[in-house]
2 protein chains.
Amino acid sequence: MKNPIDSYISYTLAAAHRAVHQSLTAALKEHGVQVEVWRVLETLDAEPSQTMGELARIVLMNPPTLTKMVDRMVMEGLVHRQAGKTDQRQVNLMLTDLGRKRMAQVRGVVQSQDEAICSLLGESEVAKLNNILGRLM
Amino acid sequence: MKNPIDSYISYTLAAAHRAVHQSLTAALKEHGVQVEVWRVLETLDAEPSQTMGELARIVLMNPPTLTKMVDRMVMEGLVHRQAGKTDQRQVNLMLTDLGRKRMAQVRGVVQSQDEAICSLLGESEVAKLNNILGRLM
DNA sequence: AGAAAATAGTTGACTTGGAAAATAATTTCA
DNA sequence: TGAAATTATTTTCCAAGTCAACTATTTTCT
């Protein structure tokens, strides 16, 4: 810490994000799952039949990128598409049994990284961090 | 805020990072400069003759990605490479006059986004945020 | 010394990401 | 109603990223 750029919040944020993202990526790689894939699995498990647009917003991806990732997930048999019931333009995604199974296998990995961070920072710092980050959006 | 995944720190961090990164990208786009390009310019201005490896670490990029971005920057006339003096394997990067000029043009853009964030959060929150983020690496 | 290992950076083959255009369905409103 | 505007998603085409292999140079070690 002594370059000019690390006094900028955007940089500190990018650096912390990179560190956390890389460590999560590495942990999930052993199970052959990408971080964003996990987000989709987890989101769909909690609320099935999410549309592509809403999902893209939640999992922090641009729509075209999500479309392509979902193509891959369909090929792997993790999810399947279904035309929207009331609005035919929409596409609803649902987990397959394999998708649910994969999610269950991998959830623990994400949780333990999260717990590691929590115990590193401490309960109150985590709350503070969440509060501050929330205000940046 | 009510999906299962936004209780994870990795997710909140990614979301905040995305928001800040996108807004900075948009602001810099008007000047035809990528966020990472700006980081290189700023870093080299403060300490010239940085090596590729060290620069990659600082600007948060993988070495092959940096090599290609620097190729582009050389084509645009922003920087030039020079073989390392003591260690011939190393490559030292230096700003050209145009590179310095370009940096001066865009620095204000980055600073004003940073100031906007600072005034949004307040002095003490910014300090707290930097402190917490620093502990994640 | 000099062969083997390590290090810095780049290259190449391949995959992924992004902006803008295209497609298809739904709304709006004259 | 039905033409024009809007919305949801995908496609296309090109730019950028990644992993692994490669080159060149320097270190290590016996």
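Report on the accompanying structure. Because the structure is predicted, anything quoted here is derived from the model rather than measured. (Residues numbered from 1 in each chain as written. Chains lettered and ligands numbered in written order. Predicted model: local features only at pLDDT ≥ 70, side-chain atom pairs only at ≥ 80, totals over all residues. Heavy atoms only, no water.)

## Here's the deal with the relation of the copies chain B and chain A
You can overlay chain B on chain A at an RMSD of 0.1 Å; the transform is a turn of 180° with a shift of 0.0 Å along its axis. With respect to symmetry, the two chain copies, as superposed, fit the operation of a two-fold axis. Here 98% of the interface residues in chain B have copies in chain A that are interface residues too; the copies meet face to matching face. (Least-squares fit on C-alpha atoms with pLDDT ≥ 70 in both. Contact = heavy atoms within 4.5 Å.)

## Let's talk about the protein's contact with DNA strand C
Around DNA strand C there are 20 residues in total, and A:Lys68, B:Gly53, B:Thr67, B:Arg81 and B:Arg89 lie nearest to it. The contact atoms of DNA strand C, taken as those within 4 Å of the protein, divide so that sugar and phosphate hold 65%. One of the side-chain nitrogen or oxygen atoms of B:Thr67 is found 2.6 Å away from a phosphate oxygen of DNA strand C. Within the side chain of B:Arg89, a nitrogen or oxygen atom sits 2.6 Å from a base oxygen of DNA strand C. If you list the elements that add at least two residues to the surface near DNA strand C, you get helix 4 (63-75) of chain A together with helix 3 (52-58) and helix 4 (63-75) of chain B. (Near = heavy atom within 4 Å. Polar contact = N/O pair within 3.5 Å; in protein donor to acceptor, adjacent residues only side chain to side chain. Helix = DSSP H or I, 4+ residues; strand = E, 2+ residues; numbered from the N terminus.)

## As for the protein's contact with DNA strand D
Neighbouring DNA strand D are 21 residues; A:Gly53, A:Thr67, A:Arg89, B:Thr65 and B:Lys68 lie closest to it. Per the 4 Å cut-off to the protein, sugar and phosphate atoms form 73% of the nearby atoms of DNA strand D. A distance of 2.5 Å separates a phosphate oxygen of DNA strand D from a polar backbone atom of A:Gly53. Where the surface near DNA strand D is concerned, the elements lending two or more residues are helix 3 (52-58) and helix 4 of chain A together with helix 4 of chain B. Considered class by class, the residues forming the surface near DNA strand D number 5 nonpolar, 8 polar and 8 charged. (Nonpolar A, V, L, I, M, F, W, Y, C, P; charged D, E, K, R; others polar.)

Fair warning: the whole summary comes from geometry, so function is off the table for now.
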